[in-house]
Amino acid sequence: MSNNTESGASAAMTDGFHLLLDALKLNGIETIYGLPGIPITDLTRMAQAEGLRMISFRHEQNAGNAAAIAGFINARPGVCMTVSAPGFLNGLTALANATTNCFPMILLSGSSEREIVDLQQGDYEEMDQLAIARPLCKAAFRVLHAEDIGVGVARAIRAAVSGRPGGVYLDLPAKLFAQTVDAEVGRASLIDVVDPAPRQIPAPDAIARALDLLRGAKKPLIVLGKGAAYARADEAIRTLVERSGIPYLPMSMAKGILPDTHEQSAAAARSFVLPEADVVLMIGARLNWLLSHGKGKTWGGKAAKAWGAQKFIQIDISPTEMDSNVRIDAPVVGDIGSCVAALLDGMGTQWAKPPSAWIDAVAERRTKNIAKMAETLARDPQPMNFHSALNVVRDIVRDNPDAMLVNEGANALDFTRSIVDMYRPRKRLDVGTWGVMGIGMGFAVAAAVESGQPVIAIEGDSAFGFSGMEVETICRYNLPVCVVVFNNNGVYRGTDRNLGGGTDVAPTVFVKDARYEKLMEAFGGVGVYATTPAELRAAMEEAIRSRRPTLINAIIDETAGTESGRITSLNPAAALKK
Ligand code: ADP
Ligand code: TZD
């Protein structure tokens with residue numbers, strides 16, 4: 001705690017600024033992502049003075065995304081700090097996205113004076129921020145008195161990380177910061193949160209029910225979601241998969257909990273295993289749109305449902321997740337570490353592996369699909385397409401398994417997810433549950449700051465545009481980030497025509513042959529224009545070796561890819577064509 005603060009407190013006093021920073025530090029928060037301005041400019045300066053790392057962004061949404069993914073990477077809340085009203089709203093998208101994805105994050109926002117806001121008298125950046133944040137996050141609190149800062153921060157931390165993790169809003173009116181308190185009283189008011197995410201042990205009968213179902217299965221399947229990656233139960237999950245002998249399917253951000261090259265991975269046989277499986281064990285994955293809600297054609301259509309053939313076991317920390325889309329026959333509510341440990345206990349060491357007919361059928365499909373993909377990857381078309389470019393990225397990630405991979409776009413996302421193998425947990429960071437564009441540079445900054453590892457960001461050209469200005473941030477902090485823009489001249493592709501025949505280009509088309517690499521050069525980083533896989537490979541290798549901020553403008557055939565990537569069927573016009 002500082003003795004002589006900028007707010008003029010005397011030696012025996014402290015103030016709201018310092019109590020907030022001390023409360024964060026006491027709870028292990030080391031980095032704040034944000035953007036300064038009234039009323040938090042001094043707070044950001046004092047944060048640096050107090051030894052916190054302050055990463056300052058060009059737009060709050062990117063700072064918020066950085067905090068959110070820091071939360072996922074560390075299983076501790078990532079902290080974002082914004083100014084009132086517009087800054088707060090810019091950060092709010094990231095807070096909502098964090099909540100949707102179950103990432104623990106705290107958005108701290110300065111706000112205008114309550115007396116003026118509540119009478120709507122028109123304060124500087126006036127807005128009832130608490131009311132606006134509340135429906136978009138897991139919890140929202142306001143602190144009015146400096147003595148309550150300790151409680152406010154403690155409640156925010158607990159709400160963010162306990163149970164199902166999510167985003168928390170903490171409203172800090174400007175007046176709070178300059179309130180002074182006796183230093184001793186202030187110190188005593190802070191809370192070092194004990195066991196912020198308590199283990200949640202599953203009920204023994206829930207474990208027994210799950211094991212009964214698994215034991216009777218002829219074609220079992222495990223689905224690993226990003227909750228499983230977040231839970232940091234990597235060893236236990238690996239043991240469960242290997243001891244049970246059950247094929248597993250990793251969701252996008254669960255790739256790497258086990259290496260994608262693992263012989264039990266059914267990733268390359270997804271469309272075969274989902275409809276065929278009779279018992280599905282979901283671990284930290286929701287049966288939302290990304291898994292076709294657990295029904296329909298993906299899961300074997302009417303036939304499978306009519307027999308009641310598919311049974312679900314679901315491990316999740318949130319009891320209300322059960323039955324959200326289809327019946328869950330064996331709900332297992334608890335934290336993944338405890339639940340998987342309990343399953344392993346119950347299985348013992350003599351667990352019978354699934355019938356070989358099932359294992360062989362999955363292996364056959366997998367081998368066939370991998371061989372087909374290898375053929376496609378080996379082609380060298382001019383210009384490059386997604387496959388020939390990603391063949392390079394795949395090699396680079398294999399050779400640098402600790403590098404973090406950030407990924408957004410439509411085709412750039414879908415192809416990267418299926419082509420680039422991951423080898424370690426929590427390395428793949430992407431658009432997540434909402435399929436949101438704009439996470440790219442915020443995630444890349446936090447991935448570099450939190451891990452110290454090189455970061456590779458594979459970006460569609462449209463996706464990159466949402467957060468592209470943060471290349472300045474990447475250069476300013478000299479982060480080892482290699483951005484690869486897959487430039488195909490537009491959203492999805494660059495070939496659309498204006499249906500009205502006017503001189504404007506179609507809504508999905510961008511400037512042709514845009515020189516994105518110059519954006520990085522403008523701030524002192526390395527820019528590379530790459531038209532061949534060899535140029536892309538050389539540039540990526542050099543970026544990883546040098547750890548210099550790099551942007552590679554990878555020129556992709558503008559006719560490659562499909563509208564909306566793999567989710568074309570979700571376009572409303574697709575229904576008209578049926
Ligand atoms: P994916 O998109 O990879 O399928 P989701 O985000 O849909 O994954 O699902 C993650 C699930 O994991 C959420 O339902 C969340 O409640 C759950 N979860 C998160 N952390 C834990 C944990 N430590 N233990 C148990 N479940 C968890
Ligand atoms: N805005 C936001 C915030 N999120 C979105 N998902 C979209 C708009 C819609 N959208 C997608 O779903 S993907 C995408 C947009 C605009 C960009 C696809 O183009 P790209 O990728 O250049 O990034 P490809 O590789 O060319 O398909």
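Being a predicted model, the structure only gives us computed values, none of them experimental.

So, how was this worked out
Residues numbered from 1 in each chain as written. Chains lettered and ligands numbered in written order. Predicted model: local features only at pLDDT ≥ 70, side-chain atom pairs only at ≥ 80, totals over all residues. Heavy atoms only, no water. Domains from an automatic or database assignment. Contact = heavy atoms within 4.5 Å. Buried area = accessible area lost by both parts, 1.4 Å probe. Salt bridge = Lys/Arg side-chain N within 4 Å of Asp/Glu carboxyl O. Polar contact = N/O pair within 3.5 Å; in protein donor to acceptor, adjacent residues only side chain to side chain. Helix = DSSP H or I, 4+ residues; strand = E, 2+ residues; numbered from the N terminus. Nonpolar A, V, L, I, M, F, W, Y, C, P; charged D, E, K, R; others polar. Near = heavy atom within 4 Å. Areas by Shrake-Rupley, 256 points an atom, 1.4 Å probe, with all protein chains shown as cover. Buried < 20%, exposed > 50% of the residue type's maximum accessible area, 1.4 Å probe, protein only. Pairing = 2+ DSSP bridges. Axes fitted to C-alpha atoms, helices over the stretch in contact; angles between N-to-C directions. Right-handed = clockwise from strand over helix to strand, strands pointing away.

Overview of the domain arrangement of the protein
The accessible area lost on association of the parts is a frequent measure of interface size.
No. 1: Assigned domains of the protein: these are domain 1 (2-189), domain 2 (204-365) and domain 3 (379-577).
No. 2: Distance from the C-alpha centre of domain 1 to the C-alpha centre of domain 2: 39 Å.
No. 3: At the interface, 15 residues of domain 1 touch 10 residues of domain 2.
No. 4: It is Phe-72, Ala-75 and Arg-164 that lose the most area in domain 1 upon contact with domain 2, and together they represent 53% of the buried surface on that side.
No. 5: Close ionic contact of Glu-321 with Arg-164 constitutes a salt bridge, the shortest N to O distance being 2.8 Å.
No. 6: Where domain 1 packs against domain 2, one counts 4 residue pairs in polar contact (both at pLDDT 80 or more).
No. 7: Secondary structure elements with two or more residues in the side of domain 1 that touches domain 2: helix H3 (60-74) and helix H4 (86-101).
No. 8: When residues of the side of domain 1 that touches domain 2 are assigned to their parent elements, the largest contribution, 5 residues, is made by H3.
No. 9: Residues that form the side of domain 1 that touches domain 2 fall into these classes: 9 nonpolar, 5 polar and 1 charged.

Focus on the site of ligand 2
No. 1: Asn-411, Ala-412, Gly-435, Asp-461 and Ala-463 are the nearest of the 17 residues found near ligand 2.
No. 2: Ala-463 is positioned with one of its backbone polar atoms (N or O) 2.9 Å from an oxygen atom of ligand 2.
No. 3: The fraction of the free accessible surface of ligand 2 (600 Å²) that becomes covered by protein chains is 76%.
No. 4: Counting only elements with at least two residues in the shell around ligand 2, the list comes to helix H18 (411-419) and helix H20 (461-465).
No. 5: Of all the elements, H20 adds the most residues to the shell around ligand 2, at 3 residues.

A word on the pairing of strand E12 (residues 311-316)
No. 1: The element E12 is extensively covered by neighbouring structure, given that 5 of its 6 residues are classed as buried.
No. 2: Alignment of strand E11 (residues 279-283) against E12, held across 5 bridges, turns out to be parallel. In the strand pairing of E12, Val-279 is matched with Lys-311.
No. 3: Sheet analysis places E12 next to strand E13 (residues 330-333), joined by 4 bridges and oriented parallel. Following the sheet pairing, Asp-316 is matched in E13 by Val-333.

Points about the sheet that holds strand E7 (residues 167-173)
No. 1: If you trace the 6 strands from one edge of the open sheet to the other, you get E3-E2-E4-E5-E7-E6, paired in parallel fashion. Each edge of the open sheet carries a strand with a single partner, namely strand E3 (53-56) and strand E6 (139-142). Each adjacent strand pair in this sheet contributes to an overall mean axis angle of 20°, direction not counted.
No. 2: Judged from the 4 bridges that link them, E6 and E7 form a sheet pairing that is parallel. The partner of Ala-140 across the bridge, within E7, is Tyr-169.
No. 3: Each of strand E5 (105-111), E6 and E7 touches helix H7 (residues 149-161); the most contacted strand, E7, lies at about 165° to it.

Some remarks on the pairing of E5
No. 1: Of all 7 residues that make up E5, 7 are buried, and the element is covered over most of its length.
No. 2: Neither face of E5 is exposed, since Met-105, Leu-107, Ser-109 and Ser-111 on one face and Ile-106, Leu-108 and Gly-110 on the opposite face are all buried.
No. 3: Across 5 bridges, the pairing between strand E4 (residues 78-82) and E5 is parallel. Bridge pairing in E5 links Gly-78 to Met-105.
No. 4: Taken together, E4, H4 and E5 form a β-α-β motif whose crossover is right-handed.
No. 5: The pairing of E5 with E7 spans 7 bridges and is parallel. Bridge pairing in E7 places Gly-110 opposite Leu-172.

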